[in-house]
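# An overview of the molecular structure
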Amino acid sequence: MLPEISTLARLEQLDAQSHQLQVRLAELPKILAVEKKAIEAKQKLASDLQMKLTNNEKERRSLEGDIQLRQTKLKKLRVQIEQATNETQLQAFQHEIQFGESEITKNEDRTLELMEEAEALEPQLKAEQATLAAAQKEGLEHFKAAEREHKAGVAQIAKNAESVKELVAGLDPKHAQLYDRLRKKYKTGPILCEAIDGNCGVCQMTFRLAFWQGVKTEPNKLWQCEECSRILIYNPSVMLA
């Protein structure tokens, strides 16, 4: 097998690794964005529950205040009714007392409803707040891990680029140019492939008999698939094993 083949294979490995890292680094922000959106949804749910509880408490305080005012007014009305001088005044006081008592009963019923609602909301809010806190903690850990992964990925890509530069510098220019052309054609690879039983290991093209015979008899020559132009790797010892 042509000695340069091992260098070309190493180039392909480095390029493939760098490509995988680039894809992964491009995915990281999207993954974090999805997680952030999920956390925001949990945060909104907890905020909505908190708002319901806050409004619940405000309404109860308002009702309690209204009840106290009406009870105070009823006391005055009951005193005034005893001082009524005619039937018209008596009926007016009675009507106002009945209305006040009705409103107090209505407010008391509503207050009980709100208390029951609050009793149901409080454990829900605690559970959602605990879930949110856990999600925020996990999200922060994931963010830090993503930062570390991004930093390591960028460093590895730069390291690979330096290694590629060194390997290309040691190649015959025609081989380096060939590799560059194939890399542009097959951006995600593979560029090198095995020649197996007279076939290209990637495009599965069956070689012409004379071409296949040449690959087998001149393994130190750089051969390219006649169909896809990929660089062929032929290892007789492996084929005979």
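In this report, we go over the structure that sits alongside the text. (Residues numbered from 1 in each chain as written. Predicted model: local features only at pLDDT ≥ 70, side-chain atom pairs only at ≥ 80, totals over all residues. Heavy atoms only, no water.)

## Overview of the overall build of the protein chain
Secondary structure summary: the protein chain contains five helices and three strands in total. Reading the secondary structure of the protein chain in the N-to-C direction produces α-α-α-β-β-α-β-α. Against the compact-globule benchmark of 18 Å for 241 residues, the protein chain has a radius of gyration of 41 Å, which places it well outside the compact range. With the principal axes as the frame, the protein chain shows a C-alpha extent of 130 × 35 × 30 Å. Across the protein chain, the fraction of contacts at a sequence separation of at least 24, relative to all contacts at a separation of at least 6, is 71%. Carbon and sulfur atoms provide 54% of the accessible area of the protein chain, an area that totals close to 16000 Å². Positive and negative side-chain charges of the protein chain, numbering 35 and 37 respectively, have mean locations separated by a distance of 8 Å. (Helix = DSSP H or I, 4+ residues; strand = E, 2+ residues; numbered from the N terminus. Rg over C-alpha atoms; globule rule 2.2 N^0.38 Å. Contact = heavy atoms within 4.5 Å. Areas by Shrake-Rupley, 256 points an atom, 1.4 Å probe, with all protein chains shown as cover. Lys, Arg positive; Asp, Glu negative; His and termini not counted. Charge placed at Lys NZ, Arg CZ, Asp CG, Glu CD.)

## Considering the pairing of strand β1 (residues 192-196)
Across three bridges, β1 lies against strand β3 (residues 231-233) in parallel orientation. Counted as the bridge partner of C193 is L232 from β3. Relative to strand β2 (residues 199-200), β1 runs antiparallel, the two being bridged by two bridges. Opposite I196, over in β2, you have N199 as the bridge partner. Following β1, the chain reverses through two residues before pairing antiparallel with β2; D197 in that reversal takes a positive phi of roughly 50°. (Pairing = 2+ DSSP bridges.)

## Quick look at the environment of D15
Relative to the helices and strands, D15 is located in helix α1 (residues 3-81). For D15, a relative accessible area of 22% gives the class partly exposed. On a C-alpha basis, the gap between D15 and V202 in space is 18 Å, while along the polypeptide they are 187 residues apart. Look past the residues within four positions of D15 in its chain and what remains in contact with it is V164, Y179 and R183. (Buried < 20%, exposed > 50% of the residue type's maximum accessible area, 1.4 Å probe, protein only.)

## Focus on the sheet that holds β1
Pairing between the strands of a sheet comes from backbone hydrogen bonds, and it takes one of two forms, parallel or antiparallel. If you walk across this open sheet you meet the three strands as β2-β1-β3, and the pairing is mixed. Of all the strands in the sheet, the pair left with one neighbour each is β2 and β3.

## A look at the environment of D109
The residue D109 is located in helix α2 (residues 87-169) in this model. Look at D109 and you get partly exposed, because its relative accessible area is 42%.

## Looking at empty space enclosed by the protein
The tally for this structure, following the rule as stated, stands at one cavity of 30 Å³ or more. Around the largest cavity sit ten residues that line it, and P219, K221, W223, L232 and Y234 are the ones nearest its centre. Looking at the lining of the largest cavity residue by residue, the classes come out as nine nonpolar, no polar and one charged. (1 Å grid on protein atoms, 1.4 Å probe; cavity = no way out; pocket = protein on both sides within 12 Å on 5 of 7 lines; lining within 4 Å. Points joined across faces, edges and corners; volume = space filled by probe spheres on them. Nonpolar A, V, L, I, M, F, W, Y, C, P; charged D, E, K, R; others polar.)

## Considerations on the nonpolar core
Counting residues in each nonpolar core, the largest one holds 29 residues, and the members touching the most others are I5, L8, L192, F207, V215, I231 and L232. Those residues within four positions of I231 in sequence are excluded, and the remaining contacts are I5, L8, L178, L182, I191, L192, C193, L222, W223 and Q224. In this structure, L77, I81, F93 and I104 belong to the second largest nonpolar core, which totals seven residues. (Core = buried A, V, L, I, M, F, W, Y, C linked by side-chain atoms within 4.5 Å.)

## Structural notes on the state of the cysteines
Here, disulfide denotes a covalent bond that connects the sulfur atoms of two cysteines. Overall, the coordinates contain zero disulfides when judged by the stated rule. Note on C193: no disulfide assigned, nearest cysteine sulfur contributed by C200 at a separation of 3.5 Å. Of all cysteine sulfurs, the one in C203 lies closest to C225, which takes part in no disulfide; the gap is 3.6 Å. The class for C225 is buried, based on a relative accessible area of 3%. (Disulfide = S-S within 2.5 Å.)

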